[in-house]
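Spelled out, the chains give:
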Amino acid sequence: MGAILTFATDWEMDGVNLDLVGIILMIVGLIGTTTFSSIARRKRVVVPPTTPVVEDEHHHHRRDGYSDGYGV
């Protein structure tokens, strides 16, 4: 909205500098975007996996080409 007021319009109002209003709106928008992104980045929480990985001690994998079910 601020960039439109500043760069794309040629309106004139008595007592109001629309270029200045547009620049102020752009600065406020930039501050709001920066604040929102920093808050959203802080609230992002990494959740560890809930299912533990348990290795089976009784089943050993061999890489001989025959123990994977495709050999004889």
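Residues numbered from 1 in each chain as written. Predicted model: local features only at pLDDT ≥ 70, side-chain atom pairs only at ≥ 80, totals over all residues. Heavy atoms only, no water.

### Some words on the overall build of the protein chain
The helix and strand inventory of the protein chain stands at two helices and zero strands. Put simply, the protein chain has 72 residues, and 7% of those count as buried. When the accessible surface of the protein chain is summed, it comes to about 7200 Å², and 62% of that surface belongs to carbon and sulfur atoms. (Helix = DSSP H or I, 4+ residues; strand = E, 2+ residues; numbered from the N terminus. Buried < 20%, exposed > 50% of the residue type's maximum accessible area, 1.4 Å probe, protein only. Areas by Shrake-Rupley, 256 points an atom, 1.4 Å probe, with all protein chains shown as cover.)

### Comments concerning a nonpolar patch on the surface
Taken together, the side chains of Met-1, Met-13, Val-16, Val-21 and Leu-25 present a nonpolar region at the surface, about 460 Å² in accessible area. Judged by relative accessible area, Val-16 falls into the partly exposed class, the value being 36%. (Patch = residues over 30% accessible without salt bridge, like charges linked within 9 Å, V, L, I, M, F, W, Y side chains within 5 Å. Salt bridge = Lys/Arg side-chain N within 4 Å of Asp/Glu carboxyl O.)

### Side note on the side chain of Thr-6
As for its position among the elements, Thr-6 is in helix H1 (residues 2-8). Relative accessible area serves as the criterion here: at 14%, Thr-6 is assigned to the buried category. Polar side-chain contacts of Thr-6 include one of 3.4 Å to the backbone nitrogen of Ile-23. Excluding residues that lie within four positions of it along the chain, Thr-6 makes contacts with Asp-19, Gly-22, Ile-23 and Met-26. (Polar contact = N/O pair within 3.5 Å; in protein donor to acceptor, adjacent residues only side chain to side chain. Contact = heavy atoms within 4.5 Å.)

### Structural notes on the environment of Met-26
Counting through the fold element by element, Met-26 comes out in helix H2 (residues 18-43). Classification of Met-26 by relative accessible area gives partly exposed; the value is 30%. Not counting the four nearest positions on each side in its chain, Met-26 is found in contact with Gly-2, Ala-3, Thr-6 and Phe-7.

Nothing here speaks to function; it is all geometry.
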